[in-house]
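Structure assessment
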Amino acid sequence: MSNRIVAPSPHLHGDFSTPRIMRDVVIALIPAFAFSVFIYGLNAVFVTGIAILSCMLFEWLIDRFMLRRPCTLGDWSAVVTGTLLAFNLPATISPWLIILGSLVAIGIGKMSFGGLGRNLFNPALVGRVFLLISFPVQMTLFPDTAGVDAITGATPLAFVKGALKTGTPVAEIMPNIDLGGLFLGFKDGSLGEIGALALLIGGIYLLIRRVITWRIPVFVLGTMFVFASILWLANPELYINPLFHVFAGGAMLGAIFMATDYVTSPMSKKGQAIYAIGIGVITILIRVWGAYPEGMSFAILIMNATVPLINMYVKPSRFGGNSPKKK
Amino acid sequence: MNETLIYTIAILVGLGLIAAVVLYFVAQKFKVYEDPRIDETEAMLPGANCGGCGFAGCRAMAEALVKQDDISALYCPVGGAATMKAVAEYLGKAVAEKEPMVAVVRCGGTSCNRARINTFDGARSCAVEASLYGGETGCTFGCLGNGDCTRVCNFDAIHMNPETGLPEVDEEKCTACGACVKACPKQIIELRKKGPKGRRVWVNCVNRDKGAITRKACTVGCIGCGKCVKTCPFEAITLENNVAYIDPAKCRLCRKCVAVCPTGAIVEVGFPARKPETAAATAQAQTQVSAQQETTIAQQQQEGGEQHA
Amino acid sequence: MLKTFRLGGVHPHDYKISRDAAIRMFDIPATVTIPLGQHIGAPATAAVKKGDRVLVGDVIGTATGFVSANIHSSVSGTVTSVDAVPDGANLRKPAVTIAVEGDEWNPAIDRSETLVRECTLEPKEIIAKIAAAGIVGLGGATFPTQVKLSVPPGKKAEMLIINGVECEPYLTADYRLMMERGEELLVGCEILMRALGVEKCYIGIENNKPEAIGHLRQLIAADTAFASRIEVVPLKMRYPQGGEKQLIAAIAKREVPSGALPIDVGAVVQNVGTTFAVYQAVQKNRPIVDRVVTVTGKKLANPSNLLVRIGTPISSLIEACGGMPEDTGKVINGGPMMGRAMANIDAPVTKGTSGVLLMDERSSLRASEMPCISCAKCVDACPMGLEPYLISKLSRLRLYDRLERERTADCIECGCCSFTCPSHLPLLDYIRLGKAETMKLIRARQAK
């Protein structure tokens, strides 16, 4: 009789838990990982392994010696950050850079804010952008991909950007680009961003497991497609096929796995739509007019910064309408 | 190269000038006269912004002190008499002398005095627990032990004692701001006079149940027997709703009530150790009481056992 | 496409293990303890004193004010005390204790089983009879029924909605009532429609109870008077569809605005159990002296639906269904989503006791809290379109003045947010606190 438990309702709990969600994200990343192993071989395994292990190590060290609190590795978020960071790196990058990137991602991107749930920016992207700006050469040196002969050593986005800069009309570039191959993933690029199809499979898994909703990925990719289509229809000589934008670079990885990061995306459905549209627009702006060939990471980080503001002003649709009854 | 440099400097200086002029006029237009004494007074206050004075922070208190002619009703519990005196001297107004107060936790239901009969598994907050049910023990008036009072204290003056499960007030740090009094959903904490040399006597219980029920729930609860009321030579003790209360204004700290309380619900602090013979007498009385209690408890347990069987 | 409400909601597994157990009469206990406050509003005033003899159905407590309800004796015998008695929360509340002697009923009550079909009373008379019988919302909210039926001037009821949703997992009391007392229930609907002066009645039932949907449809089709006016609406299973506002949204596609009442959109909702009680009160002069209680639990030997006299100790119901399983952690009065865990299981069955649920110790304990990861699952699950994470955080920080703007007063305390939170945060615990504080602020302003 003495062990009677009393607590406020509800007395049932759904089967969601933070570690389960994080594990599901890791599982969803497996097809893309498998594809990058197929393309880059053992390099992919090394890079991913080092990134995950160093992320976990840094999280443990910071928990243990700086924050002096119980270890938080059990929530699996360090594994997710490590995997996503690895997916944003070239396959032949030096291990030291991976470790440095992990330190920035975990230390500055996450733990400096107080750990999981408090960070303003996506930690993996903080790590990646730090490396990209500090080590631009190493970060854009991609090994040749089997099956893609036309363009070597550069991502399709960089190739197109370079070609357009020199004044080559789109009509001459297009034959060099195989949209089908792009979709399947036979292109140069970071570890995990290449297999658009594999990423899509992972995304569908997350949707089925109800880890993510369709809203953010669809709005990001949809906005990119619509914006690029407008440009393309306005001047097909100057602007490239919108499908190219959706399949190339980190669009899929960003839309499905990075933009949907819970902590750094808005809470309300309307807010999520605004956030996702912002990412799509900024990505295309950077890709077409910016200095970098790829703008996904920057776009997500910029929109991350607007999330608190969106949460404050964009409220969910209320039951019974948004204006309360006047008394 | 030089041209660029000159243009840049010129533009920046120009912008700066324009902004300065705009800011100057805006500042002139929206200038609000404020009594400089408010700033001075605020500086004298402790700056804890605890709200113990009844105002939203020290600034509001300072404004009230400066604007009101009669400030005898205003009092900063944190700064105490010294601060109020300084403020009054500065402003040339009179303040009422107030005795220093301290927060007192009126519950002696430690884990050994009060048996737990169930486990609370909700959010660790007294307010949540109090709104849900009577609490983990048979006493529905006593301390819930989740420490809402410790979380609201701005002065680190109240802490949970993990052994007893009750909060303990650090007399040195307590400023009697009353934050814990407001936070306690069971109204257990009271601000009482600190007393001469820190000597205080109070009823350490707020249980309004009838004596038999209280006794079953807790060994040191006030059972409302009224012995203390009869004993008190100064009529300082009242008995209402089955619980005694010692009026600090009338109490002369004679401690006769402490000696007669059958459950030991009246406590004293700050007194020197009693003289040997009285101490022996009290000890004897207490052993008697505890022996009595033991028999009662044994009986109750027997009854309880029968009920369950 | 089956109908359902627009926003939020969750899908707990329904665990209706006692669905096929027919309603069983429970023996009258030796003593009953009848609390005087069994409803929302002011507790009733005791109308008997120690030593009085009472019959079944005699008034022992009279309503205090408009929002209150009469209390009747559920047994015949002698009043042994009128005193404060611990309730399920271990708090002492006024109650009348009666020692049972035989089973003599007040002669005004018609105890025959014959169906009384016709009702020619005026609406006012019906409402008076309902008030006299002490009927309250038997779904668990226990709001006095006569108050709900008294349509304020200037407003008009357009439809009656009967709540047969029973969206709480485990509970089957309403389901059994629909299966076994269908005819009486439909007459009850007629009476309520008459009292309100409406021509349309919808009975909302979730699609996890196809037998009940079929049974009531058959009964309605068999009677032309019912067929044109009463309609069974099957609903897609989703919690909290049994919430008044959610049910109106699901059936009528009308959402009650914030701060308004269902009558403002022309709807009045009554529970199945209440409707049956209305039939008994109006046609048989029978006040509420008993109710159907589901006693259930995964480890319980005989999950049952019992017809229990008000005031029977809950512990005796558990004994009758096979005894308390070894590792019972929680005993819940009501369903698992909104029921109250009991600290004292000797507390009596009241009008609001729809079920008694036993949970084993492992599933009773909450998982440890983790930091909020802003996953927005609580926002998506909230049927009122609120932001539980924010309201909970503000209440926790005691920033009560910001809560009203976040529409905290709209919260229906359904528990969807806590149910769905992957970080196992006690969201609703703090929201309740914040809601209580917000209501205080609102009331203080209105009082000015």
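Heads up: these notes are all about the structure in this document. Sequence positions are assigned chain by chain, starting from 1 and proceeding in written order. Chains and ligands are labelled sequentially in the order written, the chains with letters from A and the ligands with numbers from 1. In keeping with the model being predicted, local features are shown solely for residues with a pLDDT of at least 70 and side-chain atom pairs are shown and tallied solely at 80 or more, while totals for entire chains, interfaces and linings include all residues. The basis for every side-chain value is the complete set of heavy atoms in the structure, and neither hydrogens nor water enter the calculation.

Digging into the overall build of chain A
The line we're drawing: The way it works is that DSSP assigns letters per residue, a run of H or I at least four long becomes a helix, a run of E at least two long becomes a strand, and they are numbered from the N terminus. Throughout, radius of gyration means the C-alpha value; the globule benchmark is 2.2 Å times the number of residues raised to the power 0.38. The rule is simple: take the accessible area with a 1.4 Å probe, protein chains only, and divide by the maximum for that residue type; under 20% is buried, over 50% is exposed, in between is partly exposed. Residues are treated as being in contact if the distance between any of their heavy atoms lies within 4.5 Å.
A count of helices and strands for chain A gives 15 helices and one strand. In terms of C-alpha radius of gyration, chain A reaches 21 Å, essentially the compact-globule figure of 20 Å for 327 residues. Projected onto its principal axes, the C-alpha positions of chain A cover 80 × 55 × 30 Å. Out of the 327 residues in chain A, the part that is buried amounts to 58%. The long-range share in chain A, meaning contacts at least 24 apart out of those at least 6 apart in sequence, stands at 75%.

Concerning the interface of chain C and chain B
For the record, the criterion: One speaks of a salt bridge when a side-chain nitrogen belonging to Lys or Arg is within 4 Å of a carboxyl oxygen belonging to Asp or Glu. Pairs of N or O atoms are called polar contacts if they sit within 3.5 Å, as long as, within protein, a hydrogen donor faces a hydrogen acceptor (for residues adjacent in sequence, only side-chain-to-side-chain pairs). Gly is placed with the polar residues, together with every amino acid not listed as nonpolar (Ala, Val, Leu, Ile, Met, Phe, Trp, Tyr, Cys and Pro) or charged (Asp, Glu, Lys and Arg).
The interface of chain C with chain B comprises 15 residues on the first partner and 20 residues on the second. Viewed at the interface, chain B and chain C are joined by three salt bridges. A salt bridge links C:Asp83 to B:Lys210, with the shortest nitrogen-to-oxygen separation between them at 3.6 Å. In this structure, the connection of chain C to chain B is made through five residue pairs in polar contact (both at pLDDT 80 or more). Ranked by the residues each element gives to the side of chain C that touches chain B, the list is headed by helix 14 (residues 427–447) of chain C, at three residues. The residue inventory of the side of chain C that touches chain B, partitioned by class, reads seven nonpolar, two polar and six charged.

A word on the interface of chain A and chain C
Cut-off, in case you're wondering: Accessible area that two parts lose when put together, evaluated with a 1.4 Å probe and summed over both, is termed the buried area.
Listed as interface residues are 42 residues of chain A and, on the opposing side, 68 residues of chain C. Summing both partners gives a buried area of about 4,600 Å² for chain A against chain C, and 56% of it is carried by carbon and sulfur. Among the residues chain A hides against chain C, the three largest losses belong to A:His11, A:Met267 and A:Phe319. Together they make up 20% of the total. Linking chain A with chain C are four salt bridges. The partner of C:Glu406 in a salt bridge is A:Arg318, and the shortest N-O contact between them spans 3.9 Å. Joining chain A to chain C, the criterion identifies 24 residue pairs in polar contact (both at pLDDT 80 or more). Of all the secondary-structure elements, those providing two or more residues to the side of chain A that touches chain C are strand 1 (5–6), helix 1 (18–40) and helix 14 (269–289) of chain A.

Remarks on the packing of aromatic side chains
One pair of aromatic rings is described through two measures. These are the centre distance and the angle between the planes. Keep this limit in mind: Put simply, two rings from Phe, Tyr or Trp (the six-membered ring, in Trp's case) pair if the centres are within 6.5 Å, and we call them stacked under 30 degrees between planes, edge-to-face over 60, tilted for the rest. A ring is considered to have a charge above it if a Lys NZ or an Arg CZ atom is located within 6 Å of its centre and within 35 degrees of its normal.
Going through the model one piece at a time under the given rule, you end up with 10 aromatic pairs over all chains. A ring pair is formed by A:Trp214 and A:Phe219, whose centres lie 6.3 Å apart and whose planes are at 25 degrees; its orientation type is stacked. A residue is classified by how much of its surface remains accessible, and A:Trp214, at 43% relative accessible area, is partly exposed. Taking relative accessible area as the criterion, A:Phe219 reaches 27% and is therefore assigned partly exposed. Geometrically, the ring pair formed by C:Phe276 and C:Tyr279 is stacked, given 6.5 Å between the ring centres and 20 degrees between the ring planes. Of this pair, C:Phe276 and C:Tyr279 both sit in helix 8 (residues 272–284), three residues apart, roughly one helical turn. Judged on exposure class, the residue C:Phe276 and its partner C:Tyr279 are both buried. Note that C:Arg19 overlies the ring of C:Tyr175, its terminal NZ or CZ placed 5.0 Å from the centroid.

Comments concerning the side chain of A:Arg318
Looking at where A:Arg318 falls in the secondary structure, it is placed in the segment after helix 15 (296–313). You can call A:Arg318 buried: its relative accessible area is 6%. Sequence-distant contacts of A:Arg318, that is, excluding residues within four places in its chain, are made with C:Arg6, C:Leu7, C:Glu255, C:Met384, C:Gly385, C:Leu386, C:Glu387, C:Glu406 and C:Arg407.

A word on the pairing of strand 2 (residues 31–35) of chain C
Residues and elements named next belong to chain C. Test applied: Think of it this way: DSSP has to see at least two bridges between two strands before they count as a pair.
When you tally the buried positions in strand 2, you get four out of five residues, the bulk of the element. Judged from the five bridges that link them, strand 2 and strand 8 (residues 92–100) form a sheet pairing that is antiparallel. In the strand pairing of strand 8, Val32 is matched with Ile98.

Considerations on unusual backbone geometry
With an omega of 0 degrees, the peptide bond running from A:Ser9 to A:Pro10 counts as cis. Tracing the backbone shows A:Pro10 in the loop between strand 1 and helix 1. The residue after C:Tyr239, namely C:Pro240, is reached through a cis peptide bond having omega 0 degrees. Mapped onto the secondary structure, C:Pro240 falls in the loop between strand 11 (230–235) and helix 7 (244–252).

By themselves, these are just geometric observations and shouldn't be taken as functional.
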